[in-house]
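Coordinate inspection notes
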Amino acid sequence: MVLEPTAEPAFHPDSYGYRPGRSALDAVGKARRRCWENDWVIDMDIRAFFDTVPWDLVLRAVEHHSREPWVLLYVKRWLEAPLQLADGTLSERTMGTPQGSAISPLLANLFMHYAFDAWMARAYPAITFERYCDDAVVHCRSKAQAEFIRDKIAARLAECGLELHPEKTRIVYCKDSGRSGSFEHEQFTFLGYTFRPRLAKSRAGHFFVSFSPAVSRDALVRIRHEIRGWRIHRRSDMTFAEIIAFVNTRVTGWAAYYGRFYKSALYAAFRGLNVYLMRWAMRKYKSLKHSPKKAWAWLESLEQRAPGMFAHWRFGVTVSSH
């Protein structure tokens, strides 16, 4: 609370992680627009960022924004706190900032501001990027420029005690209808969204290929796995009102985040929900017990009377669409 008001005004406008008034979706939206404006992207991967941040450079950044001795003292104590293992033993640490600590997001932003953001703005002001904590994408005009900037970033991070992962860091071609040729990598994932060539429709009704973001495959798998884990069809102990509240609390969040761009890609994650609800009804109500057809008709009639009852219905994954 003391440190953030002095550090926040100094941060770069394209730093989005853990900052008031900024979100991951803001970063995704800006990346989408810049991928349309630039042909190439450097998909950065910093190896073990939170485990390798050098303490002396973190403290130097903190000291730049606060001369209060007690602030430096407590930041130092947080950094040096040992790690408690599962068996209760303590493991001493010599670098890195502990994830989960209240101060870690601000310390990460402070470090990356001086190690990357401010350096990029100073050394290559024409090169745009979006950064969310240690996750960043950099936009370039040409493949040669992307290779040059990637090597410069790697050298800069090495000076600051970090390593740009040589295999996971990739140069990506933002291929669309207006860009010919091909390249080894034509997609990347940023903040749960995969950017790649996708079929789109213009306002005039013409189809074309756009380099755009949609929910990533890993996120879809994770959502489907969690929905299966609810075992809704076996929760006959819950009332229908409880089922509605349970589903909506979770689905609303997913739809709000992953449905912002190319929402139809998220439909696949929610399609199984209606089947689980139908099976729940068969276990809950004796009149529907042995008839999937009746249970499905019951669910469809509910949707017709109250189409906004479930969040995934409002999103577009309706009973009638199955």
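Residues numbered from 1 in each chain as written. Predicted model: local features only at pLDDT ≥ 70, side-chain atom pairs only at ≥ 80, totals over all residues. Heavy atoms only, no water.

Take the packing of aromatic side chains next. Two aromatic rings are characterised by how far apart their centres lie and by the angle between their planes. Here the structure, examined in full by the defined rule, presents 25 aromatic pairs. Taking 5.7 Å as the distance between ring centres and 75° as the angle between the ring planes, the aromatic pair formed by Trp119 and Tyr124 counts as edge-to-face. Geometrically, the ring pair formed by Tyr257 and Tyr258 is edge-to-face, given 4.9 Å between the ring centres and 90° between the ring planes. Overall, the relative accessible area of 22% leaves Tyr257 in the partly exposed class. (Phe/Tyr/Trp six-rings, centres within 6.5 Å; stacked < 30°, edge-to-face > 60°. Buried < 20%, exposed > 50% of the residue type's maximum accessible area, 1.4 Å probe, protein only.)

This part takes up the sheet that holds strand β9 (residues 207–215). Here we have 3 strands laid out as an open sheet, ordered β7-β8-β9, and antiparallel in their pairing. Either end of the sheet is taken by a strand with one partner, and the two such strands are β7 (188–190) and β9. On average, each strand axis in the sheet is tilted by 50° relative to the strand beside it, whichever way the strands run. Summarising the sheet, strand β8 (residues 193–201) and β9 pair through 9 bridges and their orientation is antiparallel. Of the residues in β9, the one forming a bridge with Phe195 is Pro213. (Pairing = 2+ DSSP bridges. Helix = DSSP H or I, 4+ residues; strand = E, 2+ residues; numbered from the N terminus. Axes fitted to C-alpha atoms, helices over the stretch in contact; angles between N-to-C directions.)

This part is about a nonpolar patch on the surface. Nonpolar side chains collect at one region of the surface, where Val2, Trp70, Leu73, Tyr74 and Trp78 lie side by side and expose about 490 Å² of accessible area between them. Tracing the backbone shows Val2 in the segment before α1 (4–7). (Patch = residues over 30% accessible without salt bridge, like charges linked within 9 Å, V, L, I, M, F, W, Y side chains within 5 Å. Areas by Shrake-Rupley, 256 points an atom, 1.4 Å probe, with all protein chains shown as cover. Salt bridge = Lys/Arg side-chain N within 4 Å of Asp/Glu carboxyl O.)

As a further point, take the pairing of strand β4 (residues 129–132). Of the two faces of β4, the one lined by Phe129 and Arg131 and the one lined by Glu130 and Tyr132 are each fully buried. Both β4 and strand β5 (residues 135–140) contribute to a ladder of 4 bridges, which runs antiparallel. The residue bridging Phe129 from the neighbouring strand is Val138, located in β5. In textbook terms, the turn of a hairpin is the stretch between consecutive antiparallel strands, and for β4 and β5 this stretch comprises 2 residues, one of which, Cys133, has a positive phi near 60°.

Either a parallel or an antiparallel arrangement is found when strands of a sheet pair, and the pairing is made through backbone hydrogen bonds. Read across the sheet, 4 strands follow the order β4-β5-β1-β6 without closing on themselves; strand pairing throughout is antiparallel. Every other strand in the sheet has two partners, leaving β4 and β6 (170–173) as the edge strands with one partner each. Each neighbouring strand pair of the sheet contributes to a mean axis angle of 15°, computed without reference to strand direction. Along the sheet, helix α2 (residues 24–37) makes contact with β1 (40–44), β4 and β5, crossing β4 at roughly 160°. The sheet strands contacting helix α6 (residues 104–123) are β1, β4 and β5, and the helix crosses β4 at an angle near 175°. (Contact = heavy atoms within 4.5 Å.)

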